[in-house]
Protein chains: 2
Amino acid sequence: MSSARQIGVTELALRDAHQSLMATRMALEDMVDACPDIDAAGYWSVECWGGATFDACIRFLNEDPWERLRTFRRLLPNSRLQMLLRGQNLLGYRHYGDDVVDHFVEKAAENGMDVFRVFDALNDPRNLERAMAAVKKSGKHAQGTVCYTTSPLHTVEGYVQLANQLKDMGADSIALKDMAALLKPQPAYDIVKAIKDETGLQVNVHCHSTTGVTLVSLMKAIEGGADVVDTAISSMSLGPGHNPTESLQEMLEGTGYVADLDKMLLGRIKEHFAAVKPRYSQFMSSFNVETDIFDSQIPGGMISNMESQLKQQGAGDKLKEVMEEVPRVRADAGFPPLVTPSSQIVGTQAVFNVLMGRYQVLTAEFADLMLGYYGLTLGEMNPDVVAKAKEQTGKEPITVRPADLIPPEWDELRDDAAKLEGFDGSDEDVLTHAMFPKVAPKFFKERPQGPKNVGRDPAELEAEKLAAAGDTGSGPVR
Amino acid sequence: MSSARQIGVTELALRDAHQSLMATRMALEDMVDACPDIDAAGYWSVECWGGATFDACIRFLNEDPWERLRTFRRLLPNSRLQMLLRGQNLLGYRHYGDDVVDHFVEKAAENGMDVFRVFDALNDPRNLERAMAAVKKSGKHAQGTVCYTTSPLHTVEGYVQLANQLKDMGADSIALKDMAALLKPQPAYDIVKAIKDETGLQVNVHCHSTTGVTLVSLMKAIEGGADVVDTAISSMSLGPGHNPTESLQEMLEGTGYVADLDKMLLGRIKEHFAAVKPRYSQFMSSFNVETDIFDSQIPGGMISNMESQLKQQGAGDKLKEVMEEVPRVRADAGFPPLVTPSSQIVGTQAVFNVLMGRYQVLTAEFADLMLGYYGLTLGEMNPDVVAKAKEQTGKEPITVRPADLIPPEWDELRDDAAKLEGFDGSDEDVLTHAMFPKVAPKFFKERPQGPKNVGRDPAELEAEKLAAAGDTGSGPVR
Ligand SMILES: [Co+2]
Ligand SMILES: [Co+2]
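Residues numbered from 1 in each chain as written. Chains lettered and ligands numbered in written order. Predicted model: local features only at pLDDT ≥ 70, side-chain atom pairs only at ≥ 80, totals over all residues. Heavy atoms only, no water.

**Some thoughts on the sheet that holds strand β2 (residues 8–11) of chain A**
Residues and elements named next belong to chain A.
Here is step 1: Around the barrel, eight strands lie side by side as β2-β3-β4-β5-β6-β7-β8-β9; this closed barrel has parallel pairing. Strand-to-strand twist of the sheet, defined as the mean angle between neighbouring strand axes without regard to direction, takes the value 30°.
Here is step 2: With six bridges connecting them, strand β7 (residues 173–178) and strand β8 (residues 202–207) associate as parallel partners. In the sheet register, K177 faces β8, and the bridge partner there is H206.
Here is step 3: Where helix α6 (residues 129–138) meets the sheet, its contacts fall on β4 (81–85), β5 (115–118) and β6 (141–147), and the angle it forms with β6 comes to roughly 155°.
Here is step 4: Each of β7 and β8 is contacted by helix α8 (residues 185–199), which is oriented at about 155° to β8, the strand it contacts most. (Pairing = 2+ DSSP bridges. Helix = DSSP H or I, 4+ residues; strand = E, 2+ residues; numbered from the N terminus. Axes fitted to C-alpha atoms, helices over the stretch in contact; angles between N-to-C directions. Contact = heavy atoms within 4.5 Å.)

Next comes the structure, spelled out in structure tokens:
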């Protein structure tokens, strides 16, 4: 075994796993007891922070996300803490001024973040460059990300080109990010090998398990040269989540690769989350495995969004038409990967097309996408649709980096935050408000009440359900 | 794609999948509507019959298992029907006389069976030879099986030797059977390649998905030369079951291998079982994935058996001790694979050892195992324990084929069956009674009432639960 190549592992239990499996609802207090074991298990990094965790903290859990980060830093002193950063969007849903990007990265680093996985939904490198530069400046690990999708235009060469651009930005490593579990074994091998050969950088691979094939893809990615792979401890794995950490480690036995994690500690981490998980059953779906997305390209979450939009319009029977419209809309927009926010933008436009006639009405977001305000997509935009976007919005198409049009905004954001009840004066609070301006005011006000754990004891939930049923008579409920 | 090697697929939905996921409870009527699509999807074979389905049919479903077989034959006219046969045990729990083996195989073939996967829990080829000969005589496909396990004595060479012995028996193909999901990718490759190179026969691979690694193992088995792999349609897959059929097919894209199944039909089969499955939720566990078995060698079902035995003795706190005792007992017995019935025999003896002192009391079955009455294990038996077995039972160890000691018994079995109310005079009924003598009498009597579907509408189940809770007051339950 001495000649076996070491494969690093990024543990996802504290971020993406509970985001994917239980709507990001896990409270910090349900994670802390696992931290000493996670810290000692031998992971390459521990992912623990990102847009959805930040959002859920202030929206549902009355937890300060910065305090969560500082807690992880304290409880995981020997680990690389890792976060997912949406490039110029940071953790929010719009492009921010460069000065805000700088402030955010500086504060995240200061509070304990080590590895910044920076991505853009459209794979437009210009949306990554400021964040990458800020990470480099902070002295932390800048991981440039290639989002994986499939289309007639997406090629191994294209992914390698993007990886090279990320290397030019100073990337310490390249992540291949497969948020929709579309990455099959052979492309995993081909892309990782080409990126590795071309850039010489560390390559990390992130796959979801939705389609059931991606542990095989991780095997092939490792054979192709991947250095680090993302997994989640088994009790927090599979379904729309990720491949199990223990399975990854066991799978490698005898292959010439080894993931050197402490099995005893993995067992304890597994038991910890196995005990916690039932408390969040009301947020979990019964999703098992689904390969339809290979043909439709439409992620499960996007289908349910479109379905509920259609139902609101009394057109629930039109889902099939909409699903057939999606690939056309995606093609007209130059084949963006379908991931937040592009999945919502394309999906809603497909609904509009079916209900009101093709491109009779454009959503503001879709018009912006067609006019370049989200950045460049790989393919050409359909010029007829671009013309309609101009006509409907009165806006001109742009080709510059979208953030170039955003003036410095830090001072104004600070002033806005300062007006809020409960604002504590810190840059962290300014950033919290900047990311989630609709949610932060209420959070600042209620923060003193302390964290709210929304997990529920399964027996308690069951008892309530039964009580509700029994509570229809006039007597006491036994 | 024209040069891609074709990989056959055995669909498990009709047998092992519902056996593994829902305690073998699926009624025939919940399968029939999927049959035309299964028949046309392009499978190499359709597994649909075995010991547990036979047992469940007469014990829980009031279904004649032979009628089930004939129905599959009628509904799947273009498919190879496949069954799992426990060698000299047939579908029962003891060794049968050779004449019964002959009768059983003849009748199964006559009623429509095409492929007989013949195995023995101890991998003792002498327990397979009569059944293999009977299949050959019937003109059907004889698939000799190698049960996979790990121990200090189990080697690639040993598995190849067994495969060669099966070839000498006339095997049309060799199955590598991994009932406990212990088969990791590298051994899968090594063993399949060696068996393929040595025997030149078709190699089929059967893996469960329990440990999460075995789709990778199927990939490596295919790279090693496997011709056919076993999977279950996605809505009936994963957990203690099997890898998803659709994922297998998708995984192969671009690899130089192809499983040429009709995707549209797979989609319909998936939908069929997705709709049926919730009716059996009361039989399903929430099991997700578990890698502990790689170290403990103790399958999940065996742990729960031992746990309930301990609890009955008021010794529920001794489980850890028992789990540590199991490997020693297995070693003393010559490292049998832990699969029915050896898992129960070894597990119960481990419980006895912990509760009463090591080998102070032997179970009758464990004594028989030590004395050779189940056949030979790969390793040497511990002579001290063999001596105790002799002493406690007064029986002598044997080295002959166990069934050599069983005289012809068909006529007697026919006479026994003839005495039963509801016996229809057929050889099939004689065999049903021979396999399950404790269950068949009641079944014969109640057979005229027709099949009982134990699946339940989830809404109905829920309503009953609520009603039971509300029904504690005196007023009407609304
Ligand atoms: Co993810
Ligand atoms: Co099986």
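So, next bit.
**Quick word on the coordination of the cobalt ion (ligand 2)**
All names here are of chain B.
Here is step 1: In the first shell of the cobalt ion (ligand 2), the protein supplies D16 (OD), H206 (NE2) and H208 (NE2), at 1.9 to 2.1 Å from the metal.
Here is step 2: Along the chain, the residues that donate to the cobalt ion (ligand 2) are spaced as D-x189-H-x1-H. Of this pair, D16 sits in helix α1 (residues 13–22) while H208 sits in the loop between β8 (202–207) and α9 (214–223), and the two are 192 residues apart along the sequence. H208 carries the same exposure label as D16, and that label is buried. (Donors = N, O, S within 2.8 Å, 3.2 Å for Na, K, Ca; no water. Buried < 20%, exposed > 50% of the residue type's maximum accessible area, 1.4 Å probe, protein only.)

**A short note on the coordination of the cobalt ion (ligand 1)**
Here is step 1: Around the cobalt ion (ligand 1), the donor atoms from the protein are D16(A) (OD), H206(A) (NE2) and H208(A) (NE2), and they sit 1.9 to 2.1 Å away.
Here is step 2: If you list the donors of the cobalt ion (ligand 1) from N- to C-terminus, the spacing comes out as D-x189-H-x1-H.

**Digging into the domain arrangement of chain A**
All names here are of chain A.
Here is step 1: Assigned domains of chain A: these are domain 1 (5–283) and domain 2 (293–404).
Here is step 2: For domain 1 and domain 2, the distance between their C-alpha centroids amounts to 28 Å.
Here is step 3: Listed per partner, the contact involves 26 residues of domain 1 and 24 residues of domain 2.
Here is step 4: Taken over both partners, the interface formed by domain 1 and domain 2 buries close to 2,200 Å², and the fraction arising from carbon and sulfur atoms is 66%.
Here is step 5: The partner of R401 in a salt bridge is D98, and the shortest N-O contact between them spans 2.6 Å.
Here is step 6: For the interface between domain 1 and domain 2, the tally reads eight residue pairs in polar contact (both at pLDDT 80 or more).
Here is step 7: The residue makeup of the side of domain 1 that touches domain 2, split by class, is 11 nonpolar, nine polar and six charged. (Domains from an automatic or database assignment. Buried area = accessible area lost by both parts, 1.4 Å probe. Salt bridge = Lys/Arg side-chain N within 4 Å of Asp/Glu carboxyl O. Polar contact = N/O pair within 3.5 Å; in protein donor to acceptor, adjacent residues only side chain to side chain. Nonpolar A, V, L, I, M, F, W, Y, C, P; charged D, E, K, R; others polar.)

**So, the packing of α8(A) against helix α9 (residues 214–223) of chain A**
All names here are of chain A.
Here is step 1: It is at 7 Å that the axes of α8 and α9 come closest, and there the two elements cross at 25°. In terms of orientation, α8 lies roughly parallel with respect to α9. Once α8 is placed against α9, the crossing between them reads as right-handed. Here P185, A188, Y189 and V192 of α8 lie close against α9, whose contacting residues are V216, S217, K220, A221 and E223.
Here is step 2: Among the residues making up the contact of α8 with α9, the classes are represented as six nonpolar, one polar and two charged. (Parallel < 35°, antiparallel > 145°, perpendicular 65-115°, else oblique. Left-handed = near helix turned anticlockwise from the far one by under 90°.)

**Some details on the sheet that holds strand β6 (residues 141–147) of chain B**
Residue and element names in this part refer to chain B.
Here is step 1: Judged by pairing direction, the barrel is parallel, and its eight strands sit side by side in the order β2-β3-β4-β5-β6-β7-β8-β9 before closing back on the first. Going across the sheet, the axis of each strand differs from the next one's by a mean of 30°, ignoring polarity.
Here is step 2: Pairing analysis gives four bridges linking strand β2 (residues 8–11) to strand β9 (residues 228–231), with the strands arranged parallel. Looking at β9, one finds that T10 is bridged to D230.

**Details of the side chain of N123(B)**
Residue and element names in this part refer to chain B.
Here is step 1: Positionally, N123 belongs in the loop between β5 (115–118) and α6 (129–138).
Here is step 2: In terms of polar contacts, N123 uses its side chain to reach the backbone carbonyl oxygen of C147, at 2.9 Å.
Here is step 3: With residues up to four places along the chain from it excluded, the contact list for N123 reads T145, V146, C147, Y159, L162 and P337.

**Brief notes about the nonpolar core**
Here is step 1: Counting residues in hydrophobic clusters, the biggest one holds 215 residues, and the most contacted among them are F104(A) and F104(B).
Here is step 2: Once you skip the residues sitting within four places of it in the chain, F104(A) turns out to touch W49(A), W66(A), M83(A), L85(A), L90(A), L91(A), L431(A) and M435(A). (Core = buried A, V, L, I, M, F, W, Y, C linked by side-chain atoms within 4.5 Å.)

**Side note on the interface of chain B and chain A**
Here is step 1: At the interface, 40 residues of chain B touch 40 residues of chain A.
Here is step 2: Roughly 3,200 Å² is buried in total at the junction of chain B and chain A, and carbon and sulfur atoms are behind 53% of that figure.
Here is step 3: Counting the surface chain B buries against chain A, the share from its top three residues, K184(B), V216(B) and E250(B), is 15%.
Here is step 4: Scanning the region where chain B abuts chain A turns up 16 residue pairs in polar contact (both at pLDDT 80 or more).
Here is step 5: Put simply, the parts of the chain that give the side of chain B that touches chain A at least two residues each are α8 (185–199), α9, α10 (245–251), α11 (263–276), α12 (293–296) and α21 (458–470) of chain B.
Here is step 6: Of the residues that constitute the side of chain B that touches chain A, the class distribution is 12 nonpolar, 13 polar and 15 charged.

**Some details on the packing of aromatic side chains**
When we look at a pair of aromatic rings, we describe it by the centre distance and by the angle of the planes.
Here is step 1: According to the stated counting rule, one finds 22 aromatic pairs over all chains in the structure shown.
Here is step 2: Here Y359(B) and F366(B) contribute two aromatic rings whose centre-to-centre distance is 5.9 Å and whose plane-to-plane angle is 10°, an arrangement assigned as stacked.
Here is step 3: For Y359(B), a relative accessible area of 5% corresponds to the buried category.
Here is step 4: Following the ring pairs from residue to residue traces out a cluster consisting of W49(A), F54(A), W66(A), Y93(A), F104(A) and F436(A).
Here is step 5: Positioned above the aromatic ring of F294(A), the side-chain terminus of K184(A) is 4.4 Å from the ring centre.
Here is step 6: When the ring centre of Y373(B) is taken as reference, the NZ or CZ atom of K395(B) above it lies at 4.6 Å. (Phe/Tyr/Trp six-rings, centres within 6.5 Å; stacked < 30°, edge-to-face > 60°. Lys NZ or Arg CZ within 6 Å of the ring centre and 35° of its normal.)

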